[in-house]
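A structural walkthrough
The primary structure of each chain is shown beneath.
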Amino acid sequence: MSETKKIAVIPGDGIGPEVVAEAEKVLRRAEELYGYSFETEHALFGGIAIDEKGTPLPQETLEVCKSADAVLLGAVGGPKWDNNSKELRPETGLLGIRKELGLFSNLRPAVVFDCLKEASTLKPEVLEGTDLMVVRELTGGIYFGEKFRRESEHGEEAVDTCAYNVTEIERIVRQAFEIAQGRRKKLASVDKANVLETSRLWRETVNRIAPDYPDVELEHVLVDNCAMQLLRRPASFDVIVTENMFGDILSDEAAMLTGSIGMLASASLGEGSFGLYEPVHGSAPDIAGQGLANPIATILSLALMFRTTFGYAEAADAIEVAVAKVLDEGHRTADIAVDKSKALSTSQMGDLIVAAIQKA
Ligand SMILES: NC(=O)C1=CN([C@@H]2O[C@H](COP(=O)(O)OP(=O)(O)OC[C@H]3O[C@@H](n4cnc5c(N)ncnc54)[C@H](O)[C@@H]3O)[C@@H](O)[C@H]2O)C=CC1
Ligand SMILES: CC(C)CC(=O)C(=O)O
Ligand SMILES: [Mg+2]
């Protein structure tokens with residue numbers, strides 16, 4: 001029996017609890033197969049925490065996370081809270097938890113499974129070989145800048161500010177260079193340096209530290225061009241590093257290369273091994289409570305947790321192999337099904353993946 005690892009489980013809102021329940025089944029299967037020991041503690045977060053505790057990020061939830069080795073998160077938000085004040089928005093809790101836990105780096109791998117090329121909006125020959133990683137800065141930029149309203153001569157005006165300091169840029173860019181060194185040694189740094197001052201500092205910083213990574217081929221791509229090139233030549237990208245908002249948007253776009261946002265996992269990391277793992281998607285209020293959600297993004301996020309925080313590479317590989325096997329056999333949830341009438345429910349997909357996990 002290995003050392004007990006503590007995982008904070010925060011299902012959240014909408015489809016969050018549905019997809020997290022499937023990842024927890026995978027967790028239990030990994031315990032059985034590999035002799036791991038996991039202690040899970042559930043905590044309230046997001047809209048449900050607003051309803052029950054009056055705040056999106058209760059102090060006790062933060063403490064559960066801080067005392068854990070890793071966090072598994074579903075998603076937060078939904079129309080019920082859309083008209084809330086800024087402090088009482090589930091999304092404010094999401095930004096808060098990332099900042100409080102020091103999670104400045106968000107890794108979003110987009111891998112195209114061969115058998116899912118049919119589910120993508122792109123032609124199979126364009127997708128061939130697509131395997132990229134978006135490295136998104138997660139605790140700076142416009143999402144965290146000062147925001148306010150004021151009166152102007154043209155009526156009410158809203159202001160969002162975007163700021164980045166060189167330390168914030170350097171730590172994420174160095175991490176991206178290191179990730180590229182462990183992959184195909186190509187790094188695309190995405191900015192809007194023709195217009196934004198924050199992007200000019202970003203590009204200067206990238207160029208200053210690039211000589212420390214002579215084995216990595218670097219290109220600078222303006223974000224609007226990158227949005228286009230992701231659809232035109234996705235396979236040419238290896239690692240993409242970018243600021244918070246650009247990374248948020250580009251990774252949702254990258255999801256469509258894989259067939260669905262329900263396929264995209266993510267890891268949010270800081271300096272140490274601690275990490276928060278969550279699907280890239282949101283709470284999908286349009287399909288919540290109907291058993292339609294694809295649990296694969298959350299299950300693959302658990303695999304990332306195993307590999308990155310716990311060093312359980314064998315189990316992480318086994319989960320990824322099981323997902324590929326189930327997809328190869330033709331099983332699909334509605335978001336990736338060509339024939340929607342044959343689509344599986346969230347729990348049917350979870351059960352098939354659990355059953356397919358095998359020790360190598
Ligand atoms: N990390 C988080 O907790 C995030 C939360 N949100 C919040 O989620 C709420 C909904 O946001 P949206 O813009 O609609 O984005 P969304 O990602 O929740 O949904 C976008 C579309 O993708 C579909 N989709 C998402 N996940 C899916 C899955 N696992 N399986 C099948 N289909 C899936 C949805 O049905 C919807 O049509 C908002 O309150 C937003 O603020 C949005 C993004 C991230
Ligand atoms: C609150 C938002 C920044 C959430 C989101 O869209 C994301 O992190 O992907
Ligand atoms: Mg997003």
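First, a word on what this report is: a plain description of the structure on this page. Model, not experiment: these values are computed from the prediction. (Residues numbered from 1 in each chain as written. Chains lettered and ligands numbered in written order. Predicted model: local features only at pLDDT ≥ 70, side-chain atom pairs only at ≥ 80, totals over all residues. Heavy atoms only, no water.)

**Observations concerning the site of ligand 1**
Our working rule: We call a residue near a molecule or strand whenever a single non-hydrogen atom of that residue lies within 4 Å of it. Two N or O atoms form a polar contact when they lie within 3.5 Å of each other; inside protein one atom must be a possible hydrogen donor and the other a possible acceptor, and for residues adjacent in sequence the pair counts only when both atoms belong to side chains. The method behind every accessible area is Shrake-Rupley, applied with a 1.4 Å probe, and residues are considered shielded solely by the protein chains displayed. Classification used: nonpolar for Ala, Val, Leu, Ile, Met, Phe, Trp, Tyr, Cys and Pro, charged for Asp, Glu, Lys and Arg, polar for all others including Gly.
Taken together, 20 residues sit near ligand 1, with Val76, Glu91, Gly282, Ala284 and Asp286 positioned nearest. In the environment of ligand 1, a nitrogen atom lies 3.2 Å from a nitrogen or oxygen atom belonging to the side chain of His281. Contact between ligand 1 and Gly282: an oxygen atom at 2.8 Å from a main-chain N or O atom of the residue. For ligand 1, whose unbound accessible area comes to 800 Å², protein coverage reaches 69%. When the residues that make up the shell around ligand 1 are grouped by side-chain class, the tally is nine nonpolar, seven polar and four charged.

**Comments concerning empty space enclosed by the protein**
Spelled out, the test is: Each cavity reported here is a set of points on a 1 Å grid over the protein atoms alone in which a 1.4 Å probe fits but cannot get out, each pocket an open set with protein on both sides within 12 Å along at least five of seven lines, and each lining residue one with an atom within 4 Å of a point. Grid points are joined across faces, edges and corners, and a volume is the space filled by probe spheres set on the points. Runs of H or I in DSSP of at least four residues are treated as helices and runs of E of at least two as strands, each being numbered from the N terminus.
This model, assessed by the stated rule, comprises one cavity of 30 Å³ or more. Considering only enclosed or pocket space, the largest cavity measures out at about 60 Å³ in volume. For the largest cavity, the full set of lining residues is Tyr164, Val190, Asp191, Leu196, Thr198, Ser199, Trp202, Thr242, Glu243 and Phe246. Among the secondary structure elements, those contributing two or more residues to the lining of the largest cavity are β8 (186–191) and α7 (197–209).

**Considerations on the site of ligand 2**
Put simply, the rule reads: Molecule-in-pocket calls rest on the fraction of atoms, with more than half required to lie within 2 Å of the cavity or pocket grid points.
The full set of residues close to ligand 2 is Glu91, Leu94, Arg98, Arg108, Arg136, Tyr143 and Asp248. Between ligand 2 and Arg98 there is a distance of 2.9 Å, counted from an oxygen atom to a side-chain nitrogen or oxygen. One of the side-chain N or O atoms of Arg108 is found 2.9 Å from an oxygen atom in ligand 2. Among the cavities detected, the one that contains ligand 2 is the largest pocket. At three residues, the largest contribution of residues to the shell around ligand 2 is made by helix α4 (residues 90–100). Split by residue class, the shell around ligand 2 holds two nonpolar, no polar and five charged.

**Observations concerning the side chain of Glu243**
Among the structural elements, Glu243 can be located in the loop between β10 (239–242) and α9 (244–258). In this structure the side chain of Glu243 is engaged in a polar contact, spanning 2.7 Å, whose partner is the backbone nitrogen of Phe246.

**Regarding the pattern of salt bridges**
Heads up, the rule is: By salt bridge we mean one thing: a side-chain nitrogen of Lys or Arg within 4 Å of a carboxyl oxygen of Asp or Glu.
For the structure on display, the rule yields 33 salt bridges. For Asp248, the salt bridge goes to Arg108, with nearest N and O atoms at 3.9 Å. Note that Asp248 is positioned in helix α9 and Arg108 in strand β4 (residues 105–111), a separation of 140 residues in sequence. Through salt bridges with shared partners, one network takes in Asp131, Arg183, Arg184 and Asp238.

**Examining the nonpolar core**
For soluble globular proteins, nonpolar side chains are generally found buried alongside one another. Stated precisely, the cut-off is as follows: Side-chain atoms within 4.5 Å link the members of a nonpolar core, which is a set of buried Ala, Val, Leu, Ile, Met, Phe, Trp, Tyr and Cys residues. Partly exposed describes any residue whose relative accessible area lies between the buried limit of under 20% and the exposed limit of over 50%, with all areas from a 1.4 Å probe on protein chains only and scaled to the type maximum. Contacts between residues were defined by any pair of non-hydrogen atoms, one from each residue, lying within 4.5 Å.
Core analysis: the largest hydrophobic core is formed by 67 residues, its most contacted members being Val135, Val173, Phe177, Phe306 and Leu327. Other than its neighbours up to four places away in sequence, Val135 contacts Ser105, Asn106, Leu107, Ile172, Ala176, Ile179, Val239, Ile240, Val241 and Thr242.

**Brief notes about the layout of surface pockets**
Taken as a whole, the largest pocket encloses approximately 800 Å³ of empty space. Around the largest pocket, the lining comprises 32 residues; the ones closest to its centre are Glu91, Thr92, Leu94, Leu95 and Tyr143. Of all the elements in the fold, those that place two or more residues in the lining of the largest pocket are α4, α9 and β12 (275–279). In terms of residue count, the dominant contributor to the lining of the largest pocket is α4 (six residues). Taken together, the residues of the lining of the largest pocket break down into 10 nonpolar, nine polar and 13 charged.

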